[in-house]
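Below, each chain spelled out in residue letters.
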Amino acid sequence: MKNILIINAHPDQESFCKALAESYLKGTEAGNHTCKLVNLNELQFNINLPKGFRVPTPLEPDIIEVQKMISESNHIVIIYPNWWSTFPALLKGFIDRTFLPGFAFKYRENSPLWDKLLIGKTAHLIVTMDSPYWYYKCIAHQPGIHALRKGILGFCGIKTVKTSVFSPMKSSQESKRKQWLNSVFEDGKSGK
C-alpha cells in the first residue's frame, strides 16, 4: 500500500484532467491505497514570489497543508495540460510557492551543491495535450516533462517512475477517452 497525493493542475474545474484525477483516485481506492486529491484551482495562494528567495513570502494555509501532504506521501501524481510545450502558470506558481528551500531542498553553505530533502518519494506525470505526442517528443523535445522530471522533482530528490501522455485531446473520440480513464484507474489501483 502506498500513501499517494494526486495534484490536478488544470485551472478549469470541468477539464479532462479533473476526470483523469478522479479516475486515478477511484483506482487507488480499489487498490486499498491511502490517497488525497488536491485541485490547485481550489486553493487560495499567490502564485508569485514577489521577492524571489531573497525575502521569504508568508505561506498561506493551503500551501502549508499541501506541504504536509507532500511530506506524508510516498508517491505524487501530477496531472496537467501541456500548454506552450510546458505546463500552466498555476502549476509553475504552485511549485514556486511550495517546493521551497528548507522544505524541498537546501543549499549548502559555501558550495554549489545542495541537499535533496524529498528523497525516497516517487512521481507519475500524467499529461494531456492537443498536439500529437510524436511532435512534442521529436520536434519540441518535451520541455515541460523534462523541466518537471529533472529540473524540479529530481532536483528535490523525487524520482519520476512513469510519464503518461494522452494526445491528441482535441480530436479524441469518447471511446479513446474512456480507454485513457481506464488506464489511469489501473495505475491508481496498482499505485503507479
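The structure presented is a predicted model; accordingly, all values stated were derived computationally and were not measured. (Residues numbered from 1 in each chain as written. Predicted model: local features only at pLDDT ≥ 70, side-chain atom pairs only at ≥ 80, totals over all residues. Heavy atoms only, no water.)

> Please explain the sheet that holds strand 7 (residues 159–166) as it appears in this structure.
Neighbouring strands of a sheet are bound in pairs by backbone hydrogen bonds; such pairs are parallel or else antiparallel. Reading across from one edge, 2-1-3-6-7 is the order of the five strands in this open sheet, with parallel pairing throughout. The sheet is open, and its two edges are formed by strand 2 (34–39) and strand 7, each paired on a single side. Between one strand axis and the next, the sheet turns through 15 degrees on average, direction left out of account. Sheet topology note: the strand 1 (residues 3–8)/strand 3 (residues 75–81) ladder contains five bridges and is parallel. (Pairing = 2+ DSSP bridges. Helix = DSSP H or I, 4+ residues; strand = E, 2+ residues; numbered from the N terminus. Axes fitted to C-alpha atoms, helices over the stretch in contact; angles between N-to-C directions.)

> Even after reading the chapter, I still don't get the packing of helix 2 (residues 61–72) against helix 3 (residues 89–98), so can you show me in this structure?
Helix-helix packing is described using two parameters, namely the angle between the two axes and the distance between the axes. Relative to each other, helix 2 and helix 3 sit at 80 degrees, their axes nearing to 10 Å. Taken together, the axes of helix 2 and helix 3 are roughly perpendicular relative to one another. Counted together, Ile63, Val66, Gln67 and Ile70 of helix 2 and Phe94, Arg97 and Thr98 of helix 3 form the full contact between these two elements. Class assignment of the residues belonging to the contact of helix 2 with helix 3 gives a composition of four nonpolar, two polar and one charged. (Parallel < 35°, antiparallel > 145°, perpendicular 65-115°, else oblique. Contact = heavy atoms within 4.5 Å. Nonpolar A, V, L, I, M, F, W, Y, C, P; charged D, E, K, R; others polar.)

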